[in-house]
Amino acid sequence: MKRAHRTAHWLIWVLMPGILLVIIGASLAIRAEPAVNHALPAALIEEAG
Amino acid sequence: MSVGFQAVQWNRFKIGYDIVLWGGSVAVMSAFIVLTASNQPAGESFHPVQLVLRALAFTAFTLLHITLAIGPLARLSDRFKPLLYNRRHLGVTVFVFGLLHAALATLWYHGFSPENPLVSILATNPNYDRLYGFPFEALGLGALLVLFVMAATSHDFWLEFLGAPIWKALHMLVYPAYGLLVAHVALGAMQGETSILFPGALLAGAALLSLLHLSASGIEWAKDRSGTQESVEGWLNAGPANAIPEGRAVILTPAGSERIAVFRDGARIAALSNVCKHQNGPLGEGRVVNGCAVCPWHGWEYRLEDGRAPAPFTEKIATYRVKIRSGEVFVDPQALPPGTPSEPALIEEGHP
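Quantities reported herein were computed from a predicted structural model and do not represent experimental measurements.

Student: Kindly report on the overall build of chain B, identifying the contributing residues and their values.
Tutor: When its secondary structure is counted, chain B shows nine helices and eleven strands. A principal-axis box enclosing the C-alpha atoms of chain B has dimensions of 85 × 40 × 35 Å. Put simply, chain B has 352 residues, and 34% of those count as buried. Partitioning the contacts of chain B with sequence separation of at least 6, the portion at a separation of at least 24 is 55%.

Written out as structure tokens, the structure reads:
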């Protein structure tokens, strides 16, 4: 491999773990608990009589 | 090779490799479908199309991890070098599975409206300014475009047409593409999953690849930084001639320039550029066969005495002047023009 390619590869992988960690961490942080809408079936049942 | 464009030559090894690759991929996909279908939480059920969609994505993403791991594994251990030979087949297979996933997702989620499906993917969800509800499909589309360019240029015709440095730079786009795919999964499928398995697997894959690439590139970077010290009159000391294994090379790293491979072939010691013309592979990690240095990546050959590929091929690489003094090998770090004859030094009697 050429020196420039090796250096570019090294630079990419020095930065990559941090970038991946931020992406996965931020995605986990915004991940909402699945909402369970208990009100909807009750309202529908009521409306339906 | 250099005698003009030729169709890929299929051989039994390549056919066998592809049968194993595609058989394994279909097996992984089938296992994913069976396991997911049999482990669905009570009260939930995937539509068969959704199952196939995820199975295609899982297979493509798993293959991408394997493809990206081969490079650093081959740098860390010689036993993985044979996997480099047909790595491009793996890359093209990643693209095919990714394309099938994208096509099915487009048809399933965007194919039933009067809107152009591509416009629908990019414009239906305008939340590009926030992470929550981000249109993750656009990230997958970006990665697929990169994989398409790589698959389309994976043939040696493009390697020769673009030249190895540009071709390699182009194919390094696979790393940003991997980042896009991690974001695509994290902001897409992972958002609807409550199991720890999803983020756990994503993190484990990213950690494994990061560790492998950092280890391999860290070792190379350290070698480049330390360099081989000049000794007598600006020539580099490659050590005792008899310390170079028969048919092998030692690699010198002159400060600020490309590495030099110093080969031993019987009593002959010759120095060539360590950079193969094909894919810039590490020639010095190969071996000497019939008087030629053979690149460990794809078997390209160069004569030790002049750095030229044997006929009918016409590639040539830089050569270096070599001398032996008191059993020690010295190499002039000034590269001679590619293909310039440079008489190999001979190991003297008494210094076997």
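Student: Which residues make up the nonpolar core, and what values go with them?
Tutor: Residues Leu 181, Val 182 and Ala 186 of chain B are the most contacted members of the largest nonpolar core, which totals 45 residues. Looking at this core, the elements with two or more residues in it are α1 (3-30) of chain A together with α2 (48-76), α3 (87-110), α5 (136-152), α8 (174-187) and α9 (197-226) of chain B. The biggest single contributor to this core is α8 of chain B, with eleven residues. Those residues in contact with Leu 181 of chain B, other than ones at most four positions away along the chain, are Phe 61, Leu 64, Gly 140 and Ala 143 of chain B. Ranked by size, the runner-up nonpolar core spans 36 residues in total, among them Ala 238, Ala 261, Ala 318 and Val 322 of chain B.

Student: With reference to specific residues and values, describe the sheet that holds strand β9 (residues 322-325) of chain B.
Tutor: Residue and element names in this part refer to chain B. Ordered in space as β1-β10-β9, the three strands form an open sheet in which the pairing is antiparallel. The open sheet has two edge strands with one neighbour each: β1 (236-240) and β9. Neighbour to neighbour, the strand axes of the sheet diverge by 25° on average, direction disregarded. Both β1 and strand β10 (residues 328-331) contribute to a ladder of four bridges, which runs antiparallel. Paired with Pro 240 across the strands is Glu 328, a residue of β10.

Student: Let's hear about the interface of chain B and chain A: which residues, and what values?
Tutor: Taken together, the contact pairs 30 residues of chain B with 22 residues of chain A. Counting only elements with at least two residues in the side of chain B that touches chain A, the list comes to α7 (164-171), α8 and α9 of chain B. In the side of chain B that touches chain A, the residues fall into 18 nonpolar, eight polar and four charged.

Student: Break down the environment of Pro 254 of chain B for me, with residues and values.
Tutor: Along the chain, Pro 254 of chain B turns up in the loop between β2 (249-252) and β3 (260-265). On the basis of neighbour counts, which here come to 18 C-beta atoms within 10 Å, the residue Pro 254 of chain B falls in the partly exposed class.

Student: Outline the sheet that holds strand β5 (residues 287-289) of chain B, listing residues and values.
Tutor: Residue and element names in this part refer to chain B. The strand order across the open sheet formed by three strands is β5-β6-β7, and the pairing between neighbours is antiparallel. The strands lining the two open edges of the sheet, one partner per strand, are β5 and β7 (301-303). The mean angle between the axes of side-by-side strands here comes to 35°, regardless of whether they run parallel or antiparallel. In terms of strand pairing, strand β6 (residues 292-294) meets β7 through three bridges, oriented antiparallel. Its bridge partner lying in β7, Cys 292 is registered against Arg 303.

Student: Give a detailed account of unusual backbone geometry, specifying residues and quantitative values.
Tutor: Residue and element names in this part refer to chain B. A cis amide bond links Ala 311 to the next residue, Pro 312, at an omega of 10°. Within the secondary structure layout, Pro 312 lies in the loop between β7 and β8 (319-320). In this structure, Asn 290 takes a positive phi of about 50° despite not being glycine. You can see Asn 290 is positioned in the loop between β5 and β6. Here Asn 290 falls in the exposed class, since 9 other C-beta atoms lie within 10 Å of it. At Ser 326, a residue that is not glycine, the phi angle is positive and equals roughly 50°. Within the secondary structure layout, Ser 326 lies in the loop between β9 and β10.

Student: Describe α5 of chain B, naming the residues involved and giving the relevant values.
Tutor: Residue and element names in this part refer to chain B. Over its 17 residues, α5 runs 25 Å from end to end, which matches the ideal 24 Å to within 8%, given 1.5 Å per residue. Within the span of α5, buried status applies to Phe 136, Glu 137, Leu 139, Gly 140, Ala 143, Leu 144, Val 146, Leu 147 and Met 150. The inward-facing, buried residues of α5 contact α3, α4 (117-123), α7 and α8.

Student: Pulling in residues and values, what's your account of the packing of α2 of chain B against α9 of chain B?
Tutor: Residue and element names in this part refer to chain B. The contact between α2 and α9 brings their axes to 9 Å, and the two run at 30°. With respect to α9, the element α2 is oriented roughly parallel. As α2 packs across α9, the resulting crossing turns out to be left-handed. Residue-level contacts link His 65, Leu 68, Ala 69, Pro 72, Leu 73, Arg 75 and Leu 76 of α2 to Gly 205, Leu 209, Leu 212, His 213, Ser 215, Ala 216 and Glu 220 of α9. Split by residue class, the contact of α2 with α9 holds eight nonpolar, four polar and two charged.

Student: Can you explain the pairing of β3 of chain B? Please cite residues and give values.
Tutor: On a regular strand, one side chain projects to one face of the sheet and the next to the other, so that they alternate. Residue and element names in this part refer to chain B. For β3, a buried count of six out of six residues is recorded, marking the element as mostly surrounded by other parts of the structure. Here β3 shows a buried face lined by Ile 260, Val 262 and Arg 264 and a second buried face lined by Ala 261, Phe 263 and Asp 265. Strand direction decides the pairing type here: β3 and strand β4 (residues 268-273), joined by six bridges, are antiparallel. Following the sheet pairing, Asp 265 is matched in β4 by Arg 268. With antiparallel pairing between neighbouring strands as the criterion, β3 and β4 make up a hairpin whose turn holds two residues, including Gly 266 at a positive phi of roughly 70°.

Student: Pulling in residues and values, what's your account of α3 of chain B?
Tutor: Residue and element names in this part refer to chain B. In this model, α3 (24 residues) spans 34 Å end to end at C-alpha, consistent with the 34 Å of a helix rising 1.5 Å per residue. Listed as buried for α3 are Arg 88, Gly 91, Thr 93, Val 94, Phe 95, Phe 97, Gly 98, His 101, Ala 102 and Ala 105. The elements touched by buried residues of α3 are α1 (12-38), α2 and α5.

Cut-off values and rules
- Residues numbered from 1 in each chain as written.
- Chains lettered and ligands numbered in written order.
- Predicted model: local features only at pLDDT ≥ 70, side-chain atom pairs only at ≥ 80, totals over all residues.
- Helix = DSSP H or I, 4+ residues; strand = E, 2+ residues; numbered from the N terminus.
- Buried ≥ 20, exposed ≤ 12 C-beta atoms within 10 Å, placed from the backbone.
- Contact = placed C-beta atoms within 7 Å.
- Core = buried A, V, L, I, M, F, W, Y, C linked by C-beta atoms within 7 Å.
- Pairing = 2+ DSSP bridges.
- Axes fitted to C-alpha atoms, helices over the stretch in contact; angles between N-to-C directions.
- Nonpolar A, V, L, I, M, F, W, Y, C, P; charged D, E, K, R; others polar.
- Expected span 1.5 Å × (residues − 1).
- Parallel < 35°, antiparallel > 145°, perpendicular 65-115°, else oblique.
- Left-handed = near helix turned anticlockwise from the far one by under 90°.

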